[in-house]
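A structural walkthrough
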Amino acid sequence: MQKEILIMINLIKKTVFIFTFLFSTYFLTSASFAADVTVEMLNKLDKEIMVFSKKIVRVDVGDTVFWKATDKGHNVEFIKKGVPEGVGKFKSKFNQDTEYKFTIPGIYAYWCTPHKNMGMIGFVVVGDDKSNLEAIKKLRFSAKSKKIAPDLINSL
Ligand SMILES: [Cu+2]
């Protein structure tokens, strides 16, 4: 009788161990596949003013990018002709966190509407697809954005 109880306890221990192992493996692998990214909208970062914390972001199709309104007075606006074909307009409200789920592969160019000439531009490459790179190269930027855009586009 005593022996049977010990065997039962051992069986329960093994089962618990296996479940723990399976669950932790599941969560670890699913976490490594989640590639959602957060970009902060900032008044200042190091020596730059009016800036997205990450200027280039790479995600997989179906991932979401979150823009955090860490500082006020900013937004996110997709640039006309700066997104893959079939992508609609996107312009977020000022002073608010925003997000966008990228379902169409390609390069997305965006800026902050009031600071689009001050270098507050950003790019999202979705699904490692650069088929609209030529269209991106033709985009017209002004002032500081014009200065920094070529290097950024070259490193897409
Ligand atoms: Cu801004």
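Right above here is the structure, for reference.
Presented here is a report on the structure given in the accompanying data block. It should be emphasised that the depicted structure is a prediction, and the values quoted were computed from it without experimental measurement. (Residues numbered from 1 in each chain as written. Predicted model: local features only at pLDDT ≥ 70, side-chain atom pairs only at ≥ 80, totals over all residues.)

**Description of the sheet that holds strand β1 (residues 37-45)**
The strand order across the open sheet built from four strands is β2-β1-β4-β6, with neighbouring strands paired in mixed fashion. Bordering the open sheet on either side are β2 (48-52) and β6 (98-101), each of which pairs with just one other strand. Averaged over all pairs of adjacent strands, the angle between strand axes in this sheet comes to 20°, irrespective of strand direction. Taken together, the four bridges between β1 and β2 define a ladder with antiparallel strand orientation. Each bridged residue has a counterpart across the sheet, and for Lys 44 the counterpart in β2 is Ile 49. (Pairing = 2+ DSSP bridges. Helix = DSSP H or I, 4+ residues; strand = E, 2+ residues; numbered from the N terminus. Axes fitted to C-alpha atoms, helices over the stretch in contact; angles between N-to-C directions.)

**A word on the nonpolar core**
The biggest cluster of nonpolar side chains holds 26 residues, and the ones touching the most others in it are Val 59, Val 65, Tyr 108, Ala 109, Cys 112, Met 120 and Val 124. Elements with a minimum of two residues in this core: β1, β2, β3 (56-59), β4 (64-68), β7 (106-111) and β8 (121-126). With five residues, β7 is the largest single contributor of residues to this core. (Core = buried A, V, L, I, M, F, W, Y, C linked by C-beta atoms within 7 Å. Buried ≥ 20, exposed ≤ 12 C-beta atoms within 10 Å, placed from the backbone.)

Just geometry here; none of it tells us what the structure is for.
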